[in-house]
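A structural walkthrough
Given next are the chains, with one letter for each unit.
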Amino acid sequence: KYAEPFMHAITIVFGLGSSFLCIALGLFNDSTLWCWINSTPKGCDQSFEKNGITNCERGDNAGIYRWAIFFAPLWAAVVGTMAVM
């Protein structure tokens, strides 16, 4: 009962924070069926792979942000759930 408001606050703040971060950095781009954290044009060179040189119009380093904002929290939740069961 005591921890529930904090758990709700953490998820809401993380969700809104990551959404506004993606909007500010121009990371929401076409991903064939829907918009997701992606670079434009598709297959452009990410600057972390090419020593700072990129030909992306939007969403430079989208692969890193995709893992940091989506996949890492997802897998942390899966592992955390398995750990407490």
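The structure reproduced in this document is the subject of the present report. (Residues numbered from 1 in each chain as written. Predicted model: local features only at pLDDT ≥ 70, side-chain atom pairs only at ≥ 80, totals over all residues. Heavy atoms only, no water.)

Describing the nonpolar core
Going by this rule: In this description, a nonpolar core means a group of buried Ala, Val, Leu, Ile, Met, Phe, Trp, Tyr and Cys residues linked to one another through side-chain atoms lying within 4.5 Å. The buried label applies to any residue whose accessible area, calculated with a 1.4 Å probe on protein chains only, is under 20% of its type's maximum; exposed applies above 50%, and partly exposed to all values in between. Two residues form a contact once any of their heavy atoms are found within 4.5 Å.
Core analysis: the largest hydrophobic core is formed by five residues, namely C22, L27, I37, A62 and I69. Once residues within four sequence positions are removed from consideration, L27 is found in contact with C22, W36, I37, N38, G59, D60, A62 and Y65.

A word on unusual backbone geometry
Rules: By definition, any uninterrupted DSSP run of H or I lasting at least four residues is a helix, any uninterrupted run of E lasting at least two residues is a strand, and each is numbered from the N terminus.
Phi at N61 takes a positive value of approximately 65 degrees, unusual for a residue other than glycine. On the secondary structure map, N61 appears in the loop between β2 (35-37) and α2 (62-84). By relative accessible area, N61 is classed as buried at 17%.

Quick look at the state of the cysteines
Operational definition: The criterion for a disulfide is a pair of cysteine sulfur atoms lying within 2.5 Å.
Inspection of the entire model under this criterion finds one disulfide. Covalent S-S linkage joins C44 and C56, the inter-sulfur distance amounting to 2.0 Å. When the S-S torsion is 90 degrees, as for the bridge of C44 with C56, the disulfide is right-handed. Taken together, the residues C44 in the loop between β2 and α2 and C56 in the loop between β2 and α2 connect sequence positions 12 residues apart. Residue C44 shares its accessibility class with C56, and that shared class is buried. Cysteine C35 shares no disulfide, and the gap to the nearest cysteine sulfur, in C22, comes to 12 Å.

Describing the packing of aromatic side chains
The following threshold applies: Any two of the Phe, Tyr and Trp rings considered here, Trp counted by its six-membered ring, make a pair once their centres fall within 6.5 Å; the pair's planes then place it as stacked at under 30 degrees, edge-to-face at over 60, or tilted in between.
Summed over the entire model, instances satisfying the criterion amount to five aromatic pairs. Ring geometry for W36 and F71: centres 6.0 Å apart, planes at 90 degrees, overall edge-to-face. Of this pair, W36 sits in strand β2 while F71 sits in helix α2, and the two are 35 residues apart along the sequence. Plain terms: the ring middles of F70 and F71 are 4.9 Å apart, the flat faces sit at 80 degrees to each other, and that makes the pair edge-to-face. Residue classification places F71 among the partly exposed positions, given a relative accessible area of 22%. Joined through ring pairs, the aromatic side chains of W36, W67, F70 and F71 make up one cluster.

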